[in-house]
Each structure stands twice: as C-alpha cells, then as structure tokens.
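Analysis of the macromolecular model
What follows is each chain in one-letter form.
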Number of protein chains: 2
Amino acid sequence: MTAPYELIYYAGAPGRGEHVRLILEEAGTPYQDTQSLPFEKSRETVVTWLSGGGHGNPPYFAPPLFKHGDLVISQTPNILLYLGPKLGLAGDRENDLYRVNALVLTALDGLSNEVHDTHHPISTMLYYEDQREESKRRSKEFIQNRLPLILSYWQKVLDASSQERGEGPWLLGKTFTYADLVLFQCLDGTNYAFPKAMRQARDSGKFDKVFGLWEAVRARPNVSAYLSSDRRQKYTEWGVYRHYENNDFTAE
Amino acid sequence: MTAPYELIYYAGAPGRGEHVRLILEEAGTPYQDTQSLPFEKSRETVVTWLSGGGHGNPPYFAPPLFKHGDLVISQTPNILLYLGPKLGLAGDRENDLYRVNALVLTALDGLSNEVHDTHHPISTMLYYEDQREESKRRSKEFIQNRLPLILSYWQKVLDASSQERGEGPWLLGKTFTYADLVLFQCLDGTNYAFPKAMRQARDSGKFDKVFGLWEAVRARPNVSAYLSSDRRQKYTEWGVYRHYENNDFTAE
C-alpha cells in the first residue's frame, strides 16, 4: 500500500494550496486535505506542522505543506515539482520539467504574489485597513502598467509555443502540463480581485489565447467536476486574492 | 566536448544572477557570463534572449537566463535546481533536492523579494523617488517586524538540522548545499541594504547560527577567492539590494 498524498493548508479559502489541489484533481488522484477539518482545527494542524510537527522535521516558514509518507515539503512550486512528473503532467521531452517550473514561477510571481501585494503593499503583518491608501495606489499601478505587460507576456508564450511544440491551447503548445493549471488559477484569482480590469483586458481582444487557456483548463472534465464540487472553496476576504471596491479599476 | 555553461544577465550589479555565479564558483566550474560585456552590450544581449533569442525559444519574462547547449531556462531557483544535482550541491539523501529547493524559495521570498520591495513597494515600473514615502514606511515595517521573524526562522532551521542531519553550520547540518550559498547572498545583500538593522540583529546574539552561516560560506576557499576577484560586482543604486539613508533604521 502506498502512502497517501496529504495537503496541509488552512481551510476556508483556495489560497496557495489551490495549486496543489488542482494538479491532484486533474490527475484524478485521491488525497487528504486539511480543508475538510473545521477552520480552527485546520489552523492548529498547520501551525503544528510549521514547527516541524514534532517528528524531527525542520520548521517551515509558511503553508502549503505537503506530506507523502515520511516526506514533508513546503513551497507551492516545489510541491508541484515533486508531483508533476509522478502524475505525468510535467511535459514529455528532456528538460521539459525546467521549462514547466520556470513558467510556474513566473505565473506565481506576476499573478499571485504581485496581486497579493496589491492589498498588502506595506506589510503582510499589518491589516489591509492599515495600508488602504497604499493599496489603492498599488492596485492602480498594477492595473495600468503591470497587468497589460503580464498578460502580453503570456500571449507571446502561447503564440511561440504553438509554433514550436505543435498547435494547442497550452503553454507547451499541444502538450498539457501543470503550468497550465497554475496559470488558470492565477487568472481566475486575479479575475476575482480585479473584475473590471480583467473584463476590459478580455474585451480588448489582445489576449485571446490567454483567456482561451483559462476557458480550456476550466473545461477539462476533472477540473470542471472539481470546480463544481464542494471541495472548491470560495474566494474570501482573507485569501491571496481579495476583492475591494476601492481597488477595482479599469486601465486608462 | 561538452557545451559551456552561460549566464545571461545585466552587467553592473550582482542582482539575481549572483546566485547562479556563486554555485558555479563554489563548484570551480568554468562558465561564460554576460557581465564580462560592456554594460550596454550586456543589456542588448539580455533583451535579445528575453524575446526568445531568435532561436525558436519561447519568450522569458525576466533575467537571469541560463544557457547550456540548446537548453535556455529562466528563473533563479529553477536554474539552481538544474545545476545543483549536476554540481553535487543538492544534498545526499533521497528527496533532499525538494528540501533544498524549498529552502532556496523561502530565502528568496524573505530576504530577496521582500527586501527588493522595500524600495519598490508600489510598482517596479516607477522610480524609487516616486514611491519614497511608501518605501520608508515599508522599510520600517520590514525592519521592525519581518526581519526578526525571518532571521528567527533561519536560526530555528539551523538548530533543527544540526540535530537531525549531523552537527554543522549548514542548512542541512553537516551537509553543505546550494541553499547555503543562496542564504549567504541573501544575508549579504540585506546587510548592504540595511546595515544598521543587521548590525543590531547580529549584536543581539539571537541569530548566532545565521550570522555563523554567513561567515562560514564566505570562508569557503572557492567562495572567498571569488569574492575578492573582480568577477564579484559591487552593489549599486539600481540592483535588487539598495542602500538608502532614508530607509536605514534599527528596530525599536
């Protein structure tokens, strides 16, 4: 009997743990998830594991954590790197894993970390309410200058990859990988945070392949079934992606 | 004849490319480096490669890029992941690579990205001078609340690892890995940016193992020879790590 896959993350919001859920759901692989615990109990479990879990492990800085038998690892892109090849979702050519990992890191930089920081530009240890003015300014700058640059980058990757790796809606052309799942979740969360700007970007027609990937991932049978299940949690006011009216602009 | 290792990065500041240089220097491996080009020429080379280099590669979002024969990859932790096992610097147990990669990602999050964002809290596409007040506030918060938390985390990792993996100054106890090089560079850059806060942290005695690692890496023969060579570039006013008097505080 093989050891189960176990995701250790706070219940109550998709958060960074969502990237781990999506790769497991796409692969149709059973896993345990602390989100099935009551909120407070999930927090206690996370805190226990962050300190090493009392099992001789080193401490971890932040969740998600991922447990597979005796192995406990942290960092979202690192967990995906571990799972990708095992689940057959890391490409099919030599060194594809490094390409997929780079795409994942770039997606998380631009459409997860940067979007997170729009509501916490001064410190993650202060409340949003304590950095509300800076948050508004950062959101405006993000929407005006960063978002078009980032979406344009992904459009170029999709253009180039179809030429190089065979026509297809994915970041490696016709070859679907876990980088597509990550970019999907990043776009989906950014859309929750900035619906006006994302609608404007979509309507511009300039990023048709990017929004096409978002739709194509959502339409995959296992992803689609997952998204309509109660395992898919709603975005909330404390997650990575937050919607504040005060920050919801269009670009000029 | 094997293909050479080639680092593609802007000349004139250590930047993110420095992590790649350090692993190659520690291993005593020859490599080519665009920092040997004149400043403007190095920029042109980076820009050409970012767009795919005209060689059928996909575009990359940001340097450093790393070329090894036909392979071109981006993202600092990804380049290190590629090189670490080849250079024998990714640990000696099954799955050590995932532990090392997680430590690297955590070091870059807290002591590279967060420190960078102290001088660019609103947008990387504005000048520092256009976000000077927010930068001061973010620096204060970082020094007061984040830096002690981050240093304390690394102290705990070093405590736990020595118990688990054999007494030693490294993040895996007695086993030296490229995560130690990354943490060294992160501490070194943070010290350049915030000398008052780092001096205070050092003098507190609470982070003796962290500052011990910094010294121990610096004392390694190949690292030491590199740091005193003219290949080691100086920190400048436009790099990841910047020193502004306006941001140079101690914690209260």
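Position numbers for residues count from 1 along each chain, tracking the sequence in the order it is written. All chains are assigned letters beginning at A, and all ligands numbers beginning at 1, according to the order in which they are written. Confidence filtering applies because this is a predicted model: local features only for residues at pLDDT of at least 70, side-chain atom pairs given and counted only at 80 or more, and all residues used for totals across whole chains, interfaces and linings. The basis for every side-chain value is the complete set of heavy atoms in the structure, and neither hydrogens nor water enter the calculation.

Next up on the list: helix H7 (residues 195-203) of chain B. Residues and elements named next belong to chain B. Burial here depends on accessible area, computed with a 1.4 Å probe over protein chains only, as a share of the maximum for the residue type. Under 20% is buried, over 50% is exposed, and the range in between is partly exposed. Elements are defined by DSSP. Helices are runs of H or I of four residues or more, strands are runs of E of two residues or more, and each kind is numbered from the N terminus. Within H7, burial applies to Ala 197, Met 198 and Ala 201. An end-on view of H7 places all buried positions within 95° of arc, on one side of the element. Facing away from the buried side of H7, by more than 90 degrees, are the exposed residues Arg 199 and Asp 203. Its buried side turned inward, H7 meets helix H5 (132-165), helix H6 (178-193) and helix H8 (208-218). Gly 205, located one to two residues past H7, shows a positive phi value of around 75°. Taking the helix axis as origin, the arc is that swept by the directions to the C-beta atoms. Residue contacts are defined here by distance: any two heavy atoms, one from each residue, within 4.5 Å place the two residues in contact.

Turning next to the interface of chain B and chain A. Facing 44 residues of chain B, the contacting portion of chain A comprises 44 residues. Buried area: the sum, over both parts, of the accessible surface (1.4 Å probe) that disappears when the two are put together. Both sides together, the interface formed by chain B and chain A hides about 4100 Å², and carbon and sulfur atoms give 61% of it. For this document, the term salt bridge refers to a Lys or Arg side-chain nitrogen within 4 Å of an Asp or Glu carboxyl oxygen. Taken together, the links from chain B to chain A amount to two salt bridges. With a shortest N-O distance of 2.7 Å, Glu 134 of chain B and Arg 137 of chain A are connected by a salt bridge. Polar contact is defined as a pair of N or O atoms within 3.5 Å, subject to the rule that within protein one atom must be able to donate a hydrogen and the other to accept it, and that residues adjacent in sequence are counted only when both atoms are side-chain atoms. Summed over the shared surface of chain B and chain A, the result is 18 residue pairs in polar contact (both at pLDDT 80 or more). Counting residues per element, the ones that place at least two in the side of chain B that touches chain A are strand S4 (71-74), helix H3 (76-86), helix H4 (96-119) and H5 of chain B.

With that settled, consider the layout of surface pockets. Its boundaries defined by the atoms lining it, the second largest pocket holds a volume of some 420 Å³. Space inside and on the surface of the protein is sampled on a 1 Å grid over the protein atoms alone, with a cavity defined as a set of points where a 1.4 Å probe fits but cannot get out and a pocket as an open set with protein on both sides within 12 Å along at least 5 of 7 lines; lining residues have an atom within 4 Å of a point. Lining of the second largest pocket is provided by 27 residues; of these, Asn 57, Asp 70, Leu 71 and Val 72 of chain A together with Arg 99 of chain B occupy positions nearest its centre. Elements represented by at least two residues in the lining of the second largest pocket include exactly strand S4 (71-74) of chain A together with H4 and H5 of chain B. Element by element, the count of residues in the lining of the second largest pocket is highest for H4 of chain B, at six residues. By the convention adopted, Pro, Cys, Tyr, Trp, Phe, Met, Ile, Leu, Val and Ala count as nonpolar, Lys, Arg, Asp and Glu as charged, and the other residues, Gly among them, as polar. In the lining of the second largest pocket, the residues fall into twelve nonpolar, seven polar and eight charged. Grid points are joined across faces, edges and corners, and a volume is the space filled by probe spheres set on the points.

So, about the sheet that holds strand S2 (residues 32-33) of chain A. In a beta sheet, neighbouring strands are held together by backbone hydrogen bonds and run either parallel or antiparallel to one another. Residues and elements named next belong to chain A. By the convention used here, strands pair only if DSSP detects at least 2 bridges between them. Strand order across the open sheet formed by four strands is S2-S1-S3-S4, with mixed pairing between neighbours. Looking at the sheet topology across the chains shown, the edges are occupied by S2 and S4. Two strands pair when backbone bridges link them, and strand S3 (residues 65-68) and S4 are joined in this way by four bridges, in the antiparallel orientation. The residue bridging His 68 from the neighbouring strand is Leu 71, located in S4.

Below, the discussion takes up the UniProt feature "domain: GST C-terminal" (unreviewed entry) in chain A. With numbering matched to this structure, UniProt assigns "domain: GST C-terminal" (unreviewed entry) to residues 101-238 of chain A. For residues 101-238 of chain A, the helix share is 70%, the strand share is 0%, and the end-to-end C-alpha distance is 27 Å. UniProt positions are given in the numbering used here, feature names are shortened, and annotations may be inferred rather than shown by experiment.

What follows deals with the side chain of Arg 165 of chain B. Residue and element names in this part refer to chain B. Within the secondary structure, Arg 165 is located in helix H5. The exposure class assigned to Arg 165 is buried, which follows from its relative accessible area of 4%. At 3.2 Å, the side chain of Arg 165 and the side chain of Asp 92 are in polar contact. Among the polar contacts listed, one links the side chain of Arg 165 to the side chain of Asp 96, at a separation of 2.9 Å. Those residues in contact with Arg 165 that sit more than four places away from it in its chain are Asp 92, Arg 93, Asp 96, Arg 99, Leu 172, Gly 173, Lys 174 and Thr 175.

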